[in-house]
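Each chain, written out:
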Amino acid sequence: MNSLKRLVLILGDQLDLKGAALRDFDFKTDEVVMIESIPEAQYVWSHKAKIALFLSAMRHFAKSLKELNYPLEYIQASPLSIVAALKEKIAQERITHLICVEPGEWRLKQQLEELAKELSIGLEMREDDHFYCSHQEFIQWTAGKKELRLEYFYRLMRKTHNILVDSEGNPEGGQWNFDQDNRKPYPKKGPGMIEAPVLFEPDLVTKEVLEFVNATYSDHPGSLDDFWWPVTREQALEALEYFVEYRLRNFGIFQDAMWTDTPLGWHSILSSSLNLKLLNPREVINAVLQAWKKYSLDLSTVEGFIRQILGWREFVRGMYYLDMPRMAKDNYYGHQRSLPKWYWTGKTDMACMKDAIGQTLRYGYAHHIQRLMVTGNFALLSEILPSEVCDWYLAIYVDAIEWVELPNTAGMALFANGGRFTSKPYIASGAYIKRMSNYCDSCKYKPDVRFGDAACPITTLYWNFLIKHRSQFESSPRARLMTANLKRISDEDQKSIVEHADQLLNNLNNL
Ligand SMILES: Cc1cc2nc3c(=O)[nH]c(=O)nc-3n(C[C@H](O)[C@H](O)[C@H](O)COP(=O)(O)OP(=O)(O)OC[C@H]3O[C@@H](n4cnc5c(N)ncnc54)[C@H](O)[C@@H]3O)c2cc1C
Ligand code: SF4
C-alpha cells in the first residue's frame, strides 16, 4: 500500500494553475490547501486594499481549482498563523510530504523548513518559475564581483534570453539603456489626457471580501472605496492587453513624472498581478515586444519597460535571497528615529508627501519615483530607522511582498546596506521634486529656500545630510559631484541649515 500522502500548499502570492506547486499533482492521492490567516495581515499594519486584493484573488483562485476538481481545503479566516494552521492539518491527516513553491518571504520559508523538521515530514520547496533567473544563476553571476550593479546583470539577462538583442548579441538600437530619454517631467500645463487603465468592478466574491476586510480590519490604514484591482488571471490579462495597446507608448517618457491628482500616470499598474503570479513576466515581456512592432512604438519606451521587469525585478529578487536575513537588519547610517505618524494619515503640510501618501492610502499604489524620491527620500533624509520604513512599505502597497519590497526600500531608497548594489544614496532636494512635478506650486514651503520658516523641509534635510556625510560622499567618485555644490554655500548658511534641520528632525511628527 502506498503510504505517501502529499499536501500541496498554495500561498496567497502563488496563484498560478500552471505553477511549480501543481506541476505533478496526483488527483488520486494529493490534496491542496490554501489558508487565509488573519494574523498574516496584522504583523505589519496592512492597508485594507492589500488584504482585500490577496483574499479576493485567493478566493477566485480556489474557485478555479474546485472547477477543475482539485481536492482542496480552503481554510477561511483562520485565527492562526499560516504555519500553525498547517501544522494542525498535517497532524490531523497524517501528511507525509509537503510541497510548496518557495515563499516570497524569508520568515515563512524558515518557518516551513522548521515545521517540516519538527513533524519529520518531507518538504519539497520548489523554485518559483515566475522569474527568468534562478537562484543558482544569480549566485553564479555574483561570484568574484566587487560590485553588484543592475546594468551588467540586465545586459546578461538580455543576452541570455535573447530579448532586444540582434543576432550577434548587440543591443537593439545600438545601446543597452535609454534611461536618459525616460526622465521627462509632464509639460508645464500638465499631463493632458492620459489614457485611463482598465479598472475592474468588484464582483460578488470581491464584494464579500471587501465587507469582511472592513469589518475584520476596521482600524487598518487605507480605504476600500476605490478597489478596482485585477483579482483573476483573466482580468490581469485584460489589463496587460489594454496597457500595451494604449498606455505603453507614453510609459517611458513620463516614467519619472509626477503631478497632483494623477496617481497612475502612464504606468502599467501590473505589479500586483505579476507578484500574485496572475501574470508571468514572460508573457508580459512578449506582449510588450509584440506591441512594439504592431503599434510602431518607440524603442526607448519598450526598453525602459523591459528593463524594469527583466532587469530590476529579477535583480532585486536575486539580491533578496542572496542577502537575507542580513538585509532586514542592515542600518548603514545607524538611523534610529521613528517614522512620522502622518505616514499613516497623509496629514502633513508638505504637498509632495501629502499627495504621494494620500493616493497610497486611497489606492494602495504610488509609482516608483513617488516611492523612491518622495516618501523614500524623505525617510532617508529624516534618519528614520530602516526597519520602521520597511514595515510601512510592506504594509501599505498592494504589490508589497518582502522579496521585492525590502531590497527596494532598504537597499535602494535607504542605502541601509551601504551601497551593496547602488553606487550612491538616492537623495534629492526640493529642486528635483519641483522639476519633476507641480507639487511645489501648491505647497506652503519654497523648494529653493534652505533654512527659515519658508524653507522646504526636504531641501533643508538634503543639505544637512550632505554636510553630515560629506566625507563619505567625497570618497566616492560618483557621489563627489553632489558635495561640489556645498562649496557654494557659505559657512554661516551651512550652520543655519544644520540648526534648522535639527529643529525639523526633533519635530518630525508636526511637519
Ligand atoms: C521604496 C520602494 C519600495 C518598493 N516596493 C515595491 C513592492 O513592494 N512591490 C513591487 O512590486 N515593487 C516595489 N517597488 C518597485 C516599483 O516602485 C513598483 O514595482 C512599481 O511602482 C509598481 O507599479 P507599476 O506596476 O505601475 O510599475 P511600472 O512603472 O509600470 O513598471 C513595470 C513593472 O516593472 C517592475 N518594476 C519596476 N520597478 C521595479 C523595481 N524597482 N523592483 C522590482 N520590480 C520593478 C514591476 O513589476 C512593475 O509592475 C518599490 C520601489 C521603491 C523605491
Ligand atoms: S516645496 Fe518641498 S515639501 Fe513642498 S512640495 Fe516642494 S519639495 Fe515638497
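Residues numbered from 1 in each chain as written. Chains lettered and ligands numbered in written order. Predicted model: local features only at pLDDT ≥ 70, side-chain atom pairs only at ≥ 80, totals over all residues. Heavy atoms only, no water.

Observations concerning the domain arrangement of the protein
Item 1. Taken domain by domain, the protein comprises domain 1 (6-126), domain 2 (135-202 + 218-323) and domain 3 (341-510).
Item 2. Centre-to-centre, using C-alpha coordinates, domain 1 lies 38 Å away from domain 3.
Item 3. Regarding the contact of domain 1 and domain 3, the summed buried area is about 1,100 Å², with carbon and sulfur atoms giving 65% of it.
Item 4. When residues of domain 1 are sorted by the area they lose upon contact with domain 3, Trp45, His47 and Lys50 head the list and together hold 46% of the total.
Item 5. Across the domain 1-domain 3 interface, the total number found is 0 salt bridges.
Item 6. Inspection of the region where domain 1 meets domain 3 yields 6 residue pairs in polar contact (both at pLDDT 80 or more).
Item 7. Sort the elements by how many residues they give to the side of domain 1 that touches domain 3 and helix α1 (residues 48-67) lands first, with 4 residues.
Item 8. When its residues are assigned to classes, the side of domain 1 that touches domain 3 shows 7 nonpolar, 3 polar and 3 charged. (Domains from an automatic or database assignment. Buried area = accessible area lost by both parts, 1.4 Å probe. Salt bridge = Lys/Arg side-chain N within 4 Å of Asp/Glu carboxyl O. Polar contact = N/O pair within 3.5 Å; in protein donor to acceptor, adjacent residues only side chain to side chain. Helix = DSSP H or I, 4+ residues; strand = E, 2+ residues; numbered from the N terminus. Nonpolar A, V, L, I, M, F, W, Y, C, P; charged D, E, K, R; others polar.)

Remarks on the site of ligand 1
Item 1. His267, Ser268, Ile269, Asn275 and Tyr365 are the nearest of the 29 residues found near ligand 1.
Item 2. A distance of 2.8 Å separates an oxygen atom of ligand 1 from a polar atom in the side chain of asparagine 275.
Item 3. About the coverage of ligand 1: the protein hides 99% of its 820 Å² of free accessible area.
Item 4. Sorting the residues of the shell around ligand 1 by element identifies α8 (271-276), α10 (299-323), α13 (368-381) and α15 (402-413) as the ones contributing at least two each.
Item 5. Grouping the constituent residues of the shell around ligand 1 by class yields 16 nonpolar, 9 polar and 4 charged.
Item 6. Formed jointly, the shell around ligand 1 draws a minimum of three residues from each of two domains, domain 2 (135-202 + 218-323) and domain 3 (341-510). (Near = heavy atom within 4 Å. Areas by Shrake-Rupley, 256 points an atom, 1.4 Å probe, with all protein chains shown as cover.)

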